[in-house]
Structure formats: structure tokens, C-alpha cells
Amino acid sequence: MSAVPQPAPAVTVRAPAKVNLHLGVGPLRADGFHPLDTVYQAVSLYDDVTVTDARAWSVGVTPVGGVDVNDVPLDDTNIAVRAGRALVAHHGTDRCARIEVAKGIPVAGGMAGGSADAAATLVALDRLWDLGTSDDDLLALAAGLGSDVPFALLGGTAHGTGRGEVVEPVDDDGTWWWVVVPDDGGLSTPAVYAAFDDLGGGGGSIGAGAVRAALGTHDAGELGAALRNDLEEAALHLRPGLVATRDALRGAGAVTLLSGSGPTYLGLARDHEAAHRVRQALLDQGLTAVVATGPVAGAHVVTHG
Ligand code: ATP
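No experiment lies behind these values; they were computed from the predicted model shown. (Residues numbered from 1 in each chain as written. Predicted model: local features only at pLDDT ≥ 70, side-chain atom pairs only at ≥ 80, totals over all residues.)

## Here's the deal with the overall build of the chain
The secondary structure content of the chain amounts to 10 helices and 12 strands. Overall, the C-alpha framework of the chain stretches about 70 × 45 × 35 Å when taken along its three principal axes. Classification of the 305 residues of the chain by burial places 50% in the buried group. Within the chain, contacts between residues separated by at least 24 positions form 76% of all contacts whose residues are at least 6 apart in sequence. (Helix = DSSP H or I, 4+ residues; strand = E, 2+ residues; numbered from the N terminus. Buried ≥ 20, exposed ≤ 12 C-beta atoms within 10 Å, placed from the backbone. Contact = placed C-beta atoms within 7 Å.)

## Some thoughts on unusual backbone geometry
Residue P263 is reached from G262 by a cis peptide bond, and omega for that bond is 5°. Turning to its location among the elements, P263 is positioned in the loop between β9 (255–258) and β10 (265–269). Residues G294 and P295 are joined by a peptide bond in cis, for which omega reads 0°. Along the chain, P295 falls in the loop between β11 (290–294) and β12 (300–304).

## Section: the domain arrangement of the chain
For the chain, the assigned domains read domain 1 (10–170) and domain 2 (176–294). Here the C-alpha centroids of domain 1 and domain 2 sit 22 Å apart. In this assembly, 30 residues from domain 1 lie in contact with 34 residues from domain 2. Elements that contribute at least two residues to the side of domain 1 that touches domain 2 include exactly β1 (10–25), β2 (36–54) and β5 (157–161). The element best represented in the side of domain 1 that touches domain 2 is β2, accounting for eight residues. Here the residues of the side of domain 1 that touches domain 2 are counted per class, giving 16 nonpolar, 12 polar and two charged. (Domains from an automatic or database assignment. Nonpolar A, V, L, I, M, F, W, Y, C, P; charged D, E, K, R; others polar.)

## Here we look at the packing of helix α1 (residues 79–91) against helix α3 (residues 135–145)
Axis separation between α1 and α3 bottoms out at 10 Å; the angle between their running directions is 135°. Of the possible angle classes, the one that applies to α1 and α3 is oblique. Both α1 and α3 take part in a crossing whose hand is right-handed. Every residue of α3 that contacts α1 at I79, R82, A83, A86, L87 and H90 is listed here: D137, L141, G144 and L145. Classifying every residue of the contact of α1 with α3 by side-chain character gives six nonpolar, two polar and two charged. (Axes fitted to C-alpha atoms, helices over the stretch in contact; angles between N-to-C directions. Parallel < 35°, antiparallel > 145°, perpendicular 65-115°, else oblique. Left-handed = near helix turned anticlockwise from the far one by under 90°.)

## Some words on the site of the ligand
Near the ligand, the surroundings consist of 22 residues, among which A108, G113, G114, D117 and T189 are the closest. Counting residues per element, the ones that place at least two in the shell around the ligand are α1 and α2 (113–128). The biggest single contributor to the shell around the ligand is α2, with four residues. Classifying every residue of the shell around the ligand by side-chain character gives nine nonpolar, 10 polar and three charged. The two domains that each donate at least three residues to the shell around the ligand are domain 1 (10–170) and domain 2 (176–294). (Near = placed C-beta within 6 Å.)

## Regarding the UniProt feature "active site" (unreviewed entry) in the chain
Residues annotated by UniProt as "active site" (unreviewed entry) correspond here to K18 and D148. The named residues occupy 131 residues along the chain; their greatest pairwise C-alpha distance, 8.7 Å, places them in one compact cluster. Along the chain, K18 falls in strand β1. The contact partners of D148, leaving out residues within four places of it in the chain, are K18, A112, S115 and G164. (UniProt positions renumbered as here; feature names shortened; annotations may be inferred.)

## Some words on the UniProt feature "domain: GHMP kinase C-terminal" (unreviewed entry) in the chain
In the numbering used here, UniProt assigns the feature "domain: GHMP kinase C-terminal" (unreviewed entry) to residues 213–283. In this annotation, residues 213–283 is assigned 55% helix and 15% strand; the end-to-end C-alpha distance for the span is 33 Å.

## Side note on the pairing of strand β6 (residues 166–169)
Inspection of the sheet shows β5 paired to β6 by four bridges, in the antiparallel sense. In the strand pairing of β6, G160 is matched with V167. Where β5 folds back onto β6 in an antiparallel hairpin, the turn is made up of four residues, including G162, whose phi is positive at roughly 70°. (Pairing = 2+ DSSP bridges.)

## A word on the nonpolar core
Core analysis: the biggest nonpolar cluster contains 93 residues, and A119, L122, A142, W178, V179 and L268 have the highest contact counts within it. Once residues within four sequence positions are removed from consideration, A119 is found in contact with A15, A142, V149, A152, L153, G298 and A299. (Core = buried A, V, L, I, M, F, W, Y, C linked by C-beta atoms within 7 Å.)

## Points about the pairing of strand β3 (residues 58–63)
Bridge count between β3 and strand β4 (residues 96–103): six bridges; the pairing is parallel. By the bridge assignment, G60 is partnered in β4 with E100. Handedness of the crossover joining β3 and β4 through α1 is recorded here as left-handed. (Right-handed = clockwise from strand over helix to strand, strands pointing away.)

Structure representation (C-alpha cells):
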């Protein structure tokens with residue numbers, strides 16, 4: 001009697017997008033980076049990453065909810081593959097995997113979708129191969145892959161310093177309602193930082209204290225008044241059409257914030273009903289808009305079979 005073929009073991013990990021409630025950017029350092037003082041919040045837009053053992057590294061990307069995935073590389077430069085290779089090198093093994101990304105986070109949208117994939121891949125492969133990587137080692141590997149990757153592991157709400165890779169959890173037991181408005185086409189993060197430098201930015205950023213205090217009030221009005229993104233002027237300079245998106249959100253009653261380096265715009269709404277009203281107003285104007293809440297969990301296993 002021949003054995004019934006079993007499906008290859010697979011692990012799926014879900015990782016969230018991030019918004020920066022405060023993004024304070026200091027002047028360019030000699031090492032080419034800008035010091036950041038930021039408050040991240042993980043929000044309910046996700047990439048799901050599924051890994052299976054394979055003879056060689058490969059990656060595939062499937063769009064979820066109309067996300068444009070054309071600019072995601074399918075070779076070794078994909079940050080998910082880089083994450084897998086970094087984990088394998090750390091453990092001194094020579095295993096390989098197939099990585100499938102179901103992408104619900106806008107690409108190059110300032111919501112750290114690539115970082116989410118890197119964090120998810122680290123967690124998924126660690127579980128697939130039973131590597132038992134410590135949390136400290138995962139965070140160190142994540143920091144080596146990109147400034148936003150440690151936060152994608154952590155999730156919730158966190159204070160980020162250094163290049164953003166030094167993360168400390170922040171108390172945030174509220175539920176915040178966001179209307180997320182992606183733009184057509186991404187914005188390059190390095191280009192936004194270059195525009196920030198050209199515009200003379202980084203001179204006098206204030207700290208994240210106002211946002212941290214506002215989180216404890218559970219009041220969207222208080223948080224809205226404290227939101228701040230030092231990259232907003234640079235992103236609007238590079239993409240003047242974003243002013244119309246910002247004004248549409250404001251006209252619908254939301255407090256606006258550019259997400260990270262953009263071009264995704266965010267509207268903070270008072271509650272669930274207000275968020276859906278704002279979204280509908282944007283849809284009526286022909287814009288794309290989805291409702292998301294935060295904070296949500298960082299990279300976590302959803303299936304293991
Ligand atoms: P950040 O704000 O962290 O700089 P972002 O959210 O603006 O990033 P990402 O979606 O992370 O942007 O992608 C930035 C670029 O990285 C893309 O344009 C793409 O070329 C490249 N990239 C590499 N791997 C991935 C991936 N797994 N998913 C998305 N983009 C990827």
C-alpha cells in the first residue's frame with residue numbers, strides 16, 4: 001500500500017503595518033542616517049507570510065484588497081529573503097525556504113510593509129525549523145535588516161530612538177480609529193529624507209512627550225492635537241497632489257497625518273462611526289480609503305501545519 005502524500009509543513013505569520021504618531025527627525029549624521037524620536041503604533045492592515053522548506057530561496061507576492069504589488073522585487077533583494085538568509089547565517093545552517101507574501105499593506109507607502117515581511121519571515125522560519133531564537137537575537141537580527149523591523153516584531157505602541165530600531169513599549173490601552181488613504185505609486189524613503197535635508201529640516205524637532213501624554217486620555221481630539229510628522233513638508237514638496245488628499249480628509253472631519261515618509265495619508269477619527277463616515281466621504285470623491293484600528297499585535301503565528 002503506498003503512503004498518502006502529506007503536505008509540506010508550513011507556517012503562516014501575520015505582521016502589521018505601522019503609523020508614526022510622532023516622527024521627530026534630527027539633522028543628518030555623519031553615518032548617513034537621521035536620528036529619530038518616534039512613537040510607532042501597529043495598525044490593522046497586514047501582510048501574511050507563509051514559509052515552507054525548499055531547495056533554494058524564492059519569494060512570491062499576492063495582492064490582498066487591491067494593493068499594487070508591481071514594485072515588490074521577487075529576487076534576493078526582497079527583504080523577506082534577506083531576513084531568511086540572515087536567520088540561517090545566525091544559526092550557521094544552510095537551509096532554504098519558499099516565502100509567500102499575501103500583501104495587504106500598501107507598497108512604498110510609508111507603512112513599513114517590507115519591514116513587516118522581514119519580521120514575519122524571521123518568526124515563521126524560527127518556528128518552521130524549531131530554531132528557538134531568543135527574543136534578543138530576533139530583535140538584533142531585525143535591527144540589522146531595517147530601522148522599522150524591530151517594531152514590526154514588537155507591535156502595539158512603542159517609542160523608537162536611534163534610527164528607529166531601538167524600541168521600548170509604550171502604554172496604550174485605547175482603540176484609535178484611522179482612515180488610511182494610499183496614493184497611486186509609492187514615494188522613495190531616501191528621496192523624502194533628501195528633500196527634508198534640502199528644505200533645511202532637522203533643526204528643531206520637539207520630543208514625543210505630547211503624543212505619549214495624549215495616549216493616556218483615550219480622546220482622539222487630544223491625540224489629534226499632538227500628532228506630528230517632520231517629514232510631511234518634504235513629502236508634500238515632492239508630491240504636491242497630496243494636499244488634495246489631506247484636504248479631503250480634513251473636509252470630512254478627520255485630523256490628518258502623513259504616514260511615515262508617505263505618500264499614504266491618515267485621518268484620525270473620533271470613533272468607529274466617524275471613521276466609516278470619513279471613509280465614505282473619500283470614496284464618494286473617487287479616492288481609495290480603508291478603516292484600520294490600532295494598536296494591534298506584532299508579528300505572530302496564525303497557522304502552523
Ligand atoms: P519604509 O517606510 O519602511 O521605508 P515603506 O513602507 O515606504 O517603507 P515598503 O513597502 O517597505 O515601503 O517598500 C519599500 C521598497 O522596498 C519597495 O519599493 C520595494 O522596492 C522594496 N521591497 C523589498 N522587499 C519588499 C517587500 N517584501 N515588500 C515590499 N517592498 C519590498
